[in-house]
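One letter stands for each residue in the lines below.
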Amino acid sequence: MTDREVPDDGAAAWEPSAVQRERLAYRRRQSRRSTAVAVASTAAVVAAAVLALTSSPGWPRVRQSFFDPDVALASLPRVVEGLWLNVRVMAVAAVVILVVALTLAIARTLRGPVFFPLRAAATAYVDIFRGLPLILVLLLVGFGLPGLRLQGIPSSAVMLGGLALVLTYSAYVAEVFRAGIESVHPSQVAAARSLGLSRAQTMRTVVLPQAVRRVVPPLLNDLVALQKDSGLISILGAIDAVRAAQISTAQYANFTPYVVAGVLFVLLTIPLTRFTDALARRGGWAGATSGLAGAGALR
């Protein structure tokens, strides 16, 4: 039997051969079998975990203290309102972080002795804030800056917490940008320079577009981490989701509001995580880092 048959009107119409149809049927059977095995194994693992949890001696007390549906419904509006503050802080901080981090990355890739102070300052900034724990930066900024009593220093816990997030995450994101910049092959820079472009034009029109495209997946991963860490501004007194859960916990003498806050954070993070995975698969991690081999600093 041939793969192609010519109908009466003379137009060629493709039809799979018997071998191809058997191959497709086999793949469908294998796919259904794999799905069934995956569902069965997942159900078995979940059932075993639930059985181990519910059969433990302290489960009734834990269920009452952490999984009370009445307390969950009562505390949900307040926690959701606090989560909206987390989302706003994350959105504003993310924009500022990208600008500051890109500036730091460019400063670290500048060449020539005249730019040494900028390189040294950017390197010191990155080294310091990558080494400091975020919670320590929050405490130093939240309680140290207002203590200076300088004009223009914000006193809002939300602004101070956002500033601490920007200071810390800019150092991490700057290294992501710098890796992307230095992954662009020197031949790209040489070609741009040979066409008469200045260093600034080469960076803006040749290097940065390629660098940013390559580092989008790790940037989105940092955004996921920023979303979670935005809950730490509660230690400065901001009424975010975590602080709202703490207030509700004290009000109802029950830890269920903490579980509600955790579930909301997870539900907020999962879509962004799946989007990051899909974007990484679409672009390919290998494609995003293919320029690393033989790459060098911007000349």
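Rules behind the numbers
Residues numbered from 1 in each chain as written. Predicted model: local features only at pLDDT ≥ 70, side-chain atom pairs only at ≥ 80, totals over all residues. Heavy atoms only, no water. pLDDT = per-residue confidence, 0-100. Contact = heavy atoms within 4.5 Å. Core = buried A, V, L, I, M, F, W, Y, C linked by side-chain atoms within 4.5 Å. Buried < 20%, exposed > 50% of the residue type's maximum accessible area, 1.4 Å probe, protein only. Helix = DSSP H or I, 4+ residues; strand = E, 2+ residues; numbered from the N terminus. Polar contact = N/O pair within 3.5 Å; in protein donor to acceptor, adjacent residues only side chain to side chain. Expected span 1.5 Å × (residues − 1). Axes fitted to C-alpha atoms, helices over the stretch in contact; angles between N-to-C directions. Parallel < 35°, antiparallel > 145°, perpendicular 65-115°, else oblique. Left-handed = near helix turned anticlockwise from the far one by under 90°. Nonpolar A, V, L, I, M, F, W, Y, C, P; charged D, E, K, R; others polar. Phe/Tyr/Trp six-rings, centres within 6.5 Å; stacked < 30°, edge-to-face > 60°. Salt bridge = Lys/Arg side-chain N within 4 Å of Asp/Glu carboxyl O. Arc of directions from axis to C-beta.

1. Focus on the confidence of the model for the protein chain
Right, so step 1: When pLDDT is averaged across the protein chain, the result is 86; 90% of the residues are at 70 or more.
Right, so step 2: Scored below 50 in pLDDT, residues 286–299 makes 23 contacts in the model with residues more than four places away or belonging to other chains.

2. Some remarks on the nonpolar core
Right, so step 1: If you look at the biggest cluster of nonpolar residues, it comprises 41 residues, and the most contacted ones within it are Ile-97, Leu-165, Phe-177, Ile-181 and Leu-226.
Right, so step 2: Within the residue set of this core, elements represented by two or more residues are helix H3 (69–109), helix H4 (116–131), helix H5 (134–148), helix H6 (157–183), helix H8 (199–214) and helix H9 (216–229).
Right, so step 3: Counting residues per element, this core draws most heavily on H6, at 11 residues.
Right, so step 4: Other than its neighbours up to four places away in sequence, Ile-181 contacts Ala-105, Ile-106, Thr-109, Met-203, Val-207, Leu-208 and Ala-211.
Right, so step 5: The next biggest cluster of nonpolar side chains, apart from the first, holds 8 residues, and it includes Leu-83, Ala-241, Ala-245 and Val-260.

3. Brief notes about the side chain of Ser-183
Right, so step 1: As for its position among the elements, Ser-183 is in helix H6.
Right, so step 2: Within polar-contact distance, the side chain of Ser-183 engages the backbone oxygen of Gly-180 at 2.7 Å.

4. Considerations on H5
Right, so step 1: A rise of 1.5 Å per residue sets the reference length of H5, with its 15 residues, at 21 Å; its end C-alpha atoms lie 21 Å apart and thus fit the reference within 8%.
Right, so step 2: When H5 is considered as a whole, its buried residues turn out to be Leu-134, Val-137, Leu-138, Val-141 and Gly-142.
Right, so step 3: Structurally, H5 contributes buried residues whose contacts are with H4, H6 and H9.
Right, so step 4: Of the residues one or two after H5, Arg-149 is the one with positive phi, at around 55 degrees.

5. With respect to the environment of Thr-109
Right, so step 1: Mapped onto the fold, Thr-109 is located in helix H3.
Right, so step 2: Note on Thr-109: relative accessible area 2%, which makes it buried.
Right, so step 3: Measuring from C-alpha to C-alpha, the distance between Thr-109 and Arg-119 comes to 7.5 Å, with 10 residues separating the pair along the chain.
Right, so step 4: Engagement of the side chain of Thr-109 in a polar contact is seen with the backbone oxygen of Ile-106, the distance being 2.9 Å.

6. Some remarks on the packing of H3 against helix H10 (residues 241–252)
Right, so step 1: The interhelical angle for the contact between H3 and H10, taken along N-to-C directions, is 155 degrees, at an axis separation of 7 Å. When the axis of H3 is compared with that of H10, the two are roughly antiparallel. Crossing handedness for the pair H3 and H10: right-handed. Judged by residue contacts, Val-71, Ala-74, Ser-75, Arg-78, Val-79, Gly-82, Leu-83 and Asn-86 of H3 engage Ala-241, Ala-244, Ala-245, Ile-247, Ser-248, Gln-251 and Tyr-252 from H10.
Right, so step 2: Of the residues in the contact of H3 with H10, the class split is 9 nonpolar, 5 polar and 1 charged.

7. Thoughts on the packing of aromatic side chains
Right, so step 1: Under the definition given, this model contains 5 aromatic pairs.
Right, so step 2: Ring centres of Phe-66 and Phe-255 lie 5.1 Å apart, and the angle between their planes is 15 degrees; on these two criteria the pair is classed as stacked. Of the two residues, Phe-66 sits in helix H2 (residues 59–66) while Phe-255 sits in the loop between H10 and helix H11 (256–283), which places them 189 residues apart along the sequence.
Right, so step 3: Residue Phe-255 is classed as partly exposed on the basis of its relative accessible area of 40%.
Right, so step 4: A ring pair is formed by Phe-255 and Tyr-258, whose centres lie 6.4 Å apart and whose planes are at 20 degrees; its orientation type is stacked.

8. Side note on the pattern of salt bridges
A pair can form between side chains of opposite charge whenever their charged atoms are brought close.
Right, so step 1: Applying the stated criterion to the full structure yields 5 salt bridges.
Right, so step 2: Arg-108 is paired through a salt bridge with Glu-175; the nearest N and O atoms lie 2.6 Å apart. Taken as a pair, Arg-108 in helix H3 and Glu-175 in helix H6 lie far apart in primary sequence, 67 residues in all. Across the pair, Glu-175 and Arg-108 agree in class, each one buried.
Right, so step 3: With its nearest N and O atoms 2.9 Å apart, the salt bridge here joins Glu-175 to Arg-178. Here Arg-178 and Glu-175 lie together in helix H6, a separation of 3 residues that amounts to about one turn.

9. A word on the side chain of Asn-254
Right, so step 1: One can find Asn-254 in the loop between H10 and H11.
Right, so step 2: Within the structure, Asn-254 has its side chain in polar contact with the side chain of Thr-256 (distance 2.4 Å).
Right, so step 3: Once residues within four sequence positions are removed from consideration, Asn-254 is found in contact with Gln-64, Ser-65, Phe-66, Asp-68, Val-71 and Thr-249.

10. Some details on H4
Right, so step 1: With 16 residues, H4 should cover 22 Å at 1.5 Å per step; its first-to-last C-alpha distance of 22 Å lies within 8% of that length.
Right, so step 2: Of the residues making up H4, those classed as buried are Arg-119, Ala-122, Tyr-125, Val-126 and Phe-129. Along H4, the residues classed as buried sweep out an arc of 130 degrees about the axis, all on the same side. Those residues of H4 that are exposed and aimed more than 90 degrees away from the buried face are Phe-116, Pro-117, Asp-127 and Gly-131.
Right, so step 3: Buried residues in H4 make contact with H3, H5 and H6.

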